[in-house]
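# Descriptive structure summary
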Amino acid sequence: MAKILIAEDDRISQKLAVKIVEELGHIAFVSPHGKHAYETLMANNDFDLLLTDIMMPEMDGQQLIKTLRGDQQFNDLPIIIMSAVVGISDISNLLKLGATLFLAKPLEREELQDYITRCLGDHGRHLQN
């Protein structure tokens, strides 16, 4: 069982992401924006994965990724971007900044489940045993 932080300001997307994470048997924590997610990670650095939106108040997803990747302790934290409002060049830039994978909204259950499983990799299989 993995601990997954979901940084998302849209309530509907929050609920859907939480439901999908919990269906996989993992624990979901929700942050309403990037700053809250960053503070949560700094206070408790035992999360296995971050799912984050890009367009959020206070600290957007791009700034969150930059900030996390600038901190050694988060170098190996998988980060999945969830967004509806980016183009190909934006996706490329987010991946260059350190995002692990990009997922277009609206969220598709099977695609998100696949991405979570891929990001957790061997660590995820170990957690399920």
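Residues numbered from 1 in each chain as written. Predicted model: local features only at pLDDT ≥ 70, side-chain atom pairs only at ≥ 80, totals over all residues. Heavy atoms only, no water.

Another point: the pattern of salt bridges. Using the criterion set out here, one finds seven salt bridges in the structure. A salt bridge links glutamate 39 to lysine 35, with the nearest nitrogen and oxygen atoms 3.7 Å apart. On the criterion of helical spacing, the pair formed by glutamate 39 and lysine 35 is a turn pair, its members being four residues apart in helix H2 (residues 34–43). Looking at lysine 35, the relative accessible area reads 37%, which means it is partly exposed. Ionic contacts of the salt-bridge type, sharing partners, join the residues Glu8, Asp53 and Lys105 into one network. (Salt bridge = Lys/Arg side-chain N within 4 Å of Asp/Glu carboxyl O. Helix = DSSP H or I, 4+ residues; strand = E, 2+ residues; numbered from the N terminus. Buried < 20%, exposed > 50% of the residue type's maximum accessible area, 1.4 Å probe, protein only.)

Per-residue confidence for the protein chain gives a mean pLDDT of 91; residues scoring 70 or more make up 94%. Looking at the elements of the protein chain, mean pLDDT is at its lowest for helix H5 (residues 109–128), recorded as 77, and at its highest for strand E1 (residues 3–7), recorded as 98. In the model, residues 124–129 has pLDDT below 50 throughout and makes five contacts with residues more than four positions away in sequence or in other chains. (pLDDT = per-residue confidence, 0-100. Contact = heavy atoms within 4.5 Å.)

With that out of the way, let us pick up H2. Among all positions in H2, only Gly34, Ala37, Thr40 and Leu41 are buried. End-on view of H2: buried residues confined to an arc of 120°, all on one side of the axis. Looking at the buried side of H2, the elements it contacts are E1, strand E2 (27–31), strand E3 (49–53) and helix H3 (61–69). (Arc of directions from axis to C-beta.)

Applying the stated criterion across every chain, the model contains one aromatic pair. Look at phenylalanine 29 and phenylalanine 47: their rings are 5.3 Å apart centre to centre, the planes differ by 90°, and that puts the pair in the edge-to-face class. Here phenylalanine 29 is found in strand E2, whereas its partner phenylalanine 47 is found in the loop between H2 and E3, with 18 residues between them in sequence. Taking the relative accessible area as the measure of exposure, phenylalanine 47 reaches 8% and is therefore buried. One cation-aromatic arrangement involves lysine 3 over phenylalanine 47; the distance from NZ or CZ to the ring centre is 4.7 Å. (Phe/Tyr/Trp six-rings, centres within 6.5 Å; stacked < 30°, edge-to-face > 60°. Lys NZ or Arg CZ within 6 Å of the ring centre and 35° of its normal.)

Here we come to the packing of H2 against H3. It is at 9 Å that the axes of H2 and H3 come closest, and there the two elements cross at 25°. Looking at the two axes, H2 sits roughly parallel to H3. The chirality of how H2 crosses H3 is right-handed. Seen from H2, the contacting residues are Gly34, Ala37, Tyr38 and Leu41; seen from H3, they are Leu64, Thr67 and Leu68. Split into classes, the residues belonging to the contact of H2 with H3 amount to five nonpolar, two polar and no charged. (Axes fitted to C-alpha atoms, helices over the stretch in contact; angles between N-to-C directions. Parallel < 35°, antiparallel > 145°, perpendicular 65-115°, else oblique. Left-handed = near helix turned anticlockwise from the far one by under 90°. Nonpolar A, V, L, I, M, F, W, Y, C, P; charged D, E, K, R; others polar.)

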